[in-house]
Amino acid sequence: MISLKHVNKFYYSDEEKLQALKDINLEIAAGELVAIMGPSGSGKSTLINLLGFIDKKISGRYLFNGENYLAADDTTLSHIRNEKVGFVFQNFSLIENDTVFENVELPLLYSGLGFHQTKERVMAVLTKVGLKDKAQKLPKQLSGGQQQRVAIARALVNQPSFIIADEPTGALDSVTSEEIMKLFVELNQEMGVTVILVTHNPELVQYCSRLIEIFDGAIIQDKELK
Ligand code: ADP
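Residues numbered from 1 in each chain as written. Predicted model: local features only at pLDDT ≥ 70, side-chain atom pairs only at ≥ 80, totals over all residues. Heavy atoms only, no water.

Draft legend 1. Focus on the site of the ligand. With respect to spatial proximity, the complete set of residues near the ligand consists of Tyr11, Leu18, Ala20, Pro39, Ser40, Gly41, Ser42, Gly43, Lys44, Ser45 and Thr46. Between an oxygen atom of the ligand and a side-chain N or O atom of Ser45, the distance comes to 2.6 Å. Between Thr46 and the ligand, the recorded distance is 2.5 Å, taken from a side-chain N or O atom to an oxygen atom. Within the complex, 60% of the 560 Å² of free accessible area of the ligand lies under protein. Among the secondary structure elements, those contributing two or more residues to the shell around the ligand are strand E2 (16-28) and helix H1 (44-51). With three residues, the top contributor of residues to the shell around the ligand is H1. A per-class count over the shell around the ligand returns four nonpolar, six polar and one charged. (Near = heavy atom within 4 Å. Polar contact = N/O pair within 3.5 Å; in protein donor to acceptor, adjacent residues only side chain to side chain. Areas by Shrake-Rupley, 256 points an atom, 1.4 Å probe, with all protein chains shown as cover. Helix = DSSP H or I, 4+ residues; strand = E, 2+ residues; numbered from the N terminus. Nonpolar A, V, L, I, M, F, W, Y, C, P; charged D, E, K, R; others polar.)

What follows is the structure, encoded as structure tokens:
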């Protein structure tokens, strides 16, 4: 599904040129649950911005299902991002004044569905994450773990090709973190959702099928876990 070949990324500032990704070669297949680990500044965000079609200024090649989407213009690329990738962030990034239902509905509206077409799909993903009865609540009426479930439902609603979860348990206690990781495993195993998880937390690796370690912009380890 994902294929990176000889990818390099440079950031330029004044007279400085910083190489944030160094000759990255990476294949990720549909159905994987991959952890990407590395210390702060090692290039994790740069890598997921590339994988998630946010950053297209790289050298080398990114093929997604055999296609070079990075050649598309920004508007096309943002539609591709909305359809192919679901993002889950550490701080949930929900819209405070919108209900749970409206938060999850948003990517569908952006995809061009009308209001009358969204209900079934929104309720189906809310059911999947165990929040069917919270649809009319506001995010602040929910616990942190529940808010992250809303964010996961929002990431899933467009049936994306893969999910990028960036420190998804970083703001949660250990019990809730475990619940969220088990949800990712369930979605992965039962629905075949591909998950790319970025984390500092070695405890999350046990839930994953593969571990990629990145250091100073390079992949230093890539191993199957089960
Ligand atoms: P991580 O997510 O692992 O903390 P990043 O991908 O954010 O790492 O950063 C990798 C390197 O690139 C770091 O040295 C960082 O300072 C640098 N960097 C990241 N974003 C920018 C930017 N927009 N401009 C210049 N340098 C950047």
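Draft legend 2. Focus on helix H3 (residues 100-110). Burial in H3 covers these residues: Val100, Phe101, Asn103, Val104, Glu105, Pro107 and Leu108. Immediately beyond the C-terminal end of H3, within one or two residues, lies Gly112, with a positive phi of roughly 100°. (Buried < 20%, exposed > 50% of the residue type's maximum accessible area, 1.4 Å probe, protein only.)

Draft legend 3. Seen up close, the nonpolar core. Within the largest apolar cluster, 41 residues are counted, with the highest numbers of intra-cluster contacts made by Val104, Leu126, Ile152 and Phe184. Counting only elements with at least two residues in this core, the list comes to strand E3 (33-37), H3, helix H4 (119-128), helix H5 (144-156), strand E6 (162-166), helix H6 (174-191) and strand E7 (194-199). Apart from the residues lying within four places of it in its own chain, the contact partners of Leu126 are Val100, Val104, Leu131, Lys132, Ala135 and Ala153. Of all hydrophobic cores here, the second largest spans 30 residues; its members include Val34, Phe53, Ile196 and Val198. (Core = buried A, V, L, I, M, F, W, Y, C linked by side-chain atoms within 4.5 Å. Contact = heavy atoms within 4.5 Å.)

Draft legend 4. Representation of the sheet that holds E7 within the structure. Here we have six strands laid out as an open sheet, ordered E5-E6-E7-E3-E8-E9, and mixed in their pairing. Edge positions in the open sheet fall to strand E5 (85-89) and strand E9 (218-224), since each of these has one partner strand only. Neighbour-to-neighbour, the strand axes of this sheet turn through a mean angle of 15°, independent of strand direction. Pairing of E5 with E6 involves five bridges; the strand directions are parallel. Bridge pairing links Val85 to Phe162 in E6. Sitting on the sheet, helix H2 (residues 74-84) touches E5 and E6, and the angle it makes with E5 is about 75°. (Pairing = 2+ DSSP bridges. Axes fitted to C-alpha atoms, helices over the stretch in contact; angles between N-to-C directions.)

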